[in-house]
Each structure stands twice: as C-alpha cells, then as structure tokens.
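What the coordinates show
So you can see what is in the structure, the chains are spelled out below.
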Amino acid sequence: MYFKCVSPVLYIAKDISPLKRIEQQLISKNQELDTFVYKVSHDLKGPLSSILGITSLVEDEIKDQAALNYFKLIKKCSESLDTILKNLLDLALMERMRKEKSKICFNQFIKNITDIYSLSPHSHKNHIRITVAQKRDFFNNEKMLHSVIQNLVDNAVKYRKPGQSAEIDIAVTENKNGVIIIIKDNGIGIREDLHDKIFNMFYRGPHTSEGSGLGLYMAKSYIEKMGGEISFLSTENIGTEFIITLPCLKNNK
C-alpha cells in the first residue's frame, strides 16, 4: 500500500473592509479640503480685487511721491497675493479639470501662449522658436497643458541672464503613445544642489523672493494628472531644458 503525501495549504482570510473605510474617509477628507481651499480662495479674491482697483485709482490721484511709492508697494504685494490665490483655486479645481479633454493642435496652441511675450514691453528680449512635428490628432487636457507651458515659458523669460535676450526653443514631436514636448532656454539655469527641490510646494529659488512658489509644483501635478511625466536638465549659467511626455487620451475613459 502506498500513501501519497499531500503538502498542507494555508489559507488566510483578511477582512479588507476597515481598509476600504479608511480609503473612503481619506477621499472624503480630501474632497472637503479641496472645497475649503476653493471657498476660502474664492472669498478672498473679492476684497483683494477691490484693493487692487483702489490702488490703481490712487495712482492717478495722488501727487505726493512718498505716498505714491507706498501705494505702489501695496499694489505689488496685492498682485503677488492675487497670483497665490489664483494658483490655490487652480489646485482646488485640479480633480474636476482632470476629466476634461479636447483636441490639441500644437502649432496654434503654442503660438497662442507665446504671442503675449511678443507683445510685452520687453519683447525685443524674447526670441521664441517653435517646431512642431504633429501628424496625428492629440487629445488631453487643454487647460492644464496651457498652464504648464505658460509657466515654463514665463520662467524662461523671467530668469534670463541679465542684459541678454531670452532664447527659448519649444519642440513637439510624436512618440508611440502621444507626444514629447521640450522647452529649452539659455537662462541662468538651476544649481545642481537645488535640482531635487524645484518641484516642491512653495519652494522659491535663491534668485528671487517674488512668486508663490507654486508654479513648478503645479506644473508637475498637472502633468501627472494628465498621465504624463516631466523631467529636466539644467546647468547653472548655461540654461534649462524641460522634457514633458504626454499620452493621447482619445480612447481613454
């Protein structure tokens, strides 16, 4: 008589309902936080707009130079706060915007963003070259991408080398899943020891105390919400190159 040895099998039953409840609670809390941030930011924008309007009127009425300088400082600080509130509103609306998608024709899309820099008072210092190789239709979130590209171009103009023109190259090429967007400048660059900090929330570089410190954080967040990735190469006093890869969402739900 032969006996067959059967290895014992251990079954472990795990109740995942507590984990599910925690996950749902986190989702609910995040939604509540987004709503709170949106409401507070929205409510603050009203009084702030009034302050900006009043300071603009004062600039036309006040003749005393010392008083005028104080009002200009108030206006400058108010404009910075206005930018912060706008960014916070955009962050609060990020999840809602994520579901939106539309067809993007990159030639006209990028031109619409960069035209404003050609019309600025310092347009003679901005040289923007656009190269687009697009044959297929591309679908993704137009609002988020507009914000990302505008932010990167704005930084390239803002952080150009003193006394030099801003030279910016924007190139769009297709890959298997979507597109690759490269934005390259000849600006002051980013020190190597700061490379791991620039996408952090509220981080502001050593070259300026202006700005909200949300720009690049939002750019990275938007790109990730769009299903893409962003990376960069930068050398101090040489320039910076941002590389964005984005999928086409035409067939995605």
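Just above sits the structure.
Quick look at the structure, then.

**Describing helix H5 (residues 142–158)**
With 17 residues, H5 should reach 24 Å at 1.5 Å per residue; the first-to-last C-alpha distance of 24 Å fits that figure. For H5, the full list of buried residues reads Met144, Leu145, Val148, Ile149, Asn151, Leu152, Val153, Asn155, Ala156 and Val157. Sitting at the head of H5, asparagine 141 places a side-chain oxygen 3.2 Å from the backbone nitrogen of lysine 143.

**Topic: the pairing of strand E7 (residues 239–247)**
With eight of nine residues buried, E7 is to be regarded as a mostly interior element. Across seven bridges, strand E5 (residues 178–185) lies against E7 in antiparallel orientation. Looking at E7, one finds that lysine 184 is bridged to glutamate 241. Relative to E7, strand E6 (residues 229–235) runs antiparallel, the two sharing seven bridges. Following the sheet pairing, isoleucine 230 is matched in E7 by isoleucine 244. From the end of E6 to the start of E7, which pair antiparallel, there are three residues, and asparagine 237 there has a positive phi angle of about 70°.

**Quick look at the environment of phenylalanine 109**
Note that phenylalanine 109 resides in helix H4 (residues 106–118). When the C-alpha positions of phenylalanine 109 and glutamate 142 are compared, they lie 8.9 Å apart, and in sequence the two are 33 residues distant.

**Details of the packing of H5 against helix H6 (residues 215–225)**
A pair of packed helices is captured by two measures, namely the crossing angle of their axes and the spacing between those axes. The geometry of H5 relative to H6 is characterised by a closest axis approach of 9 Å and an angle of 145° between their N-to-C directions. Seen along the crossing, H5 lies across H6 with a hand that is left-handed. When H5 is examined against H6, the residues Met144, Ser147, Val148, Asn151, Leu152 and Asn155 are found in contact with a partner set consisting of Gly215, Leu216, Ala219, Tyr222, Ile223 and Lys225. Looking at side-chain class alone, the contact of H5 with H6 contains seven nonpolar, four polar and one charged residues.

**Examining the environment of glutamate 229**
Looking at where glutamate 229 falls in the secondary structure, it is placed in strand E6. Between the C-alpha atom of glutamate 229 and that of isoleucine 243, which follows or precedes it by 14 residues, the distance is 8.2 Å. Once residues lying within four places of it in the same chain are set aside, the contact partners of glutamate 229 are Ile223, Ile243, Ile244 and Thr245.

**Focus: H6**
Within the span of H6, buried status applies to Leu216, Met218, Ala219, Ser221, Tyr222 and Ile223. Following H6 by one or two positions, glycine 227 has its phi on the positive side, about 85°.

**Some thoughts on unusual backbone geometry**
Not every positive phi belongs to a glycine, and asparagine 237 is a case in point at roughly 70°. With respect to the helices and strands, asparagine 237 occurs in the loop between E6 and E7. The exposed category is assigned to asparagine 237, whose relative accessible area is 51%.

**Section: the pattern of salt bridges**
All told, the structure shown has nine salt bridges when counted by the stated rule. Note that arginine 129 and glutamate 167 form a salt bridge whose closest N and O atoms lie 2.9 Å from each other. Placement of the pair is arginine 129 in strand E2 (residues 126–132) and glutamate 167 in strand E4 (residues 166–174), with a sequence separation of 38 residues. Overall, the relative accessible area of 39% leaves arginine 129 in the partly exposed class. Of the residues examined, glutamate 167 reaches a relative accessible area of 23% and is grouped as partly exposed. Three or more residues joined by partner-sharing salt bridges are found here, namely Arg129, Glu167 and Asp169.

Definitions and limits used
- Residues numbered from 1 in each chain as written.
- Predicted model: local features only at pLDDT ≥ 70, side-chain atom pairs only at ≥ 80, totals over all residues.
- Heavy atoms only, no water.
- Helix = DSSP H or I, 4+ residues; strand = E, 2+ residues; numbered from the N terminus.
- Expected span 1.5 Å × (residues − 1).
- Buried < 20%, exposed > 50% of the residue type's maximum accessible area, 1.4 Å probe, protein only.
- Polar contact = N/O pair within 3.5 Å; in protein donor to acceptor, adjacent residues only side chain to side chain.
- Pairing = 2+ DSSP bridges.
- Axes fitted to C-alpha atoms, helices over the stretch in contact; angles between N-to-C directions.
- Left-handed = near helix turned anticlockwise from the far one by under 90°.
- Contact = heavy atoms within 4.5 Å.
- Nonpolar A, V, L, I, M, F, W, Y, C, P; charged D, E, K, R; others polar.
- Salt bridge = Lys/Arg side-chain N within 4 Å of Asp/Glu carboxyl O.

Without other data, these values stay purely geometric and don't point to any function.
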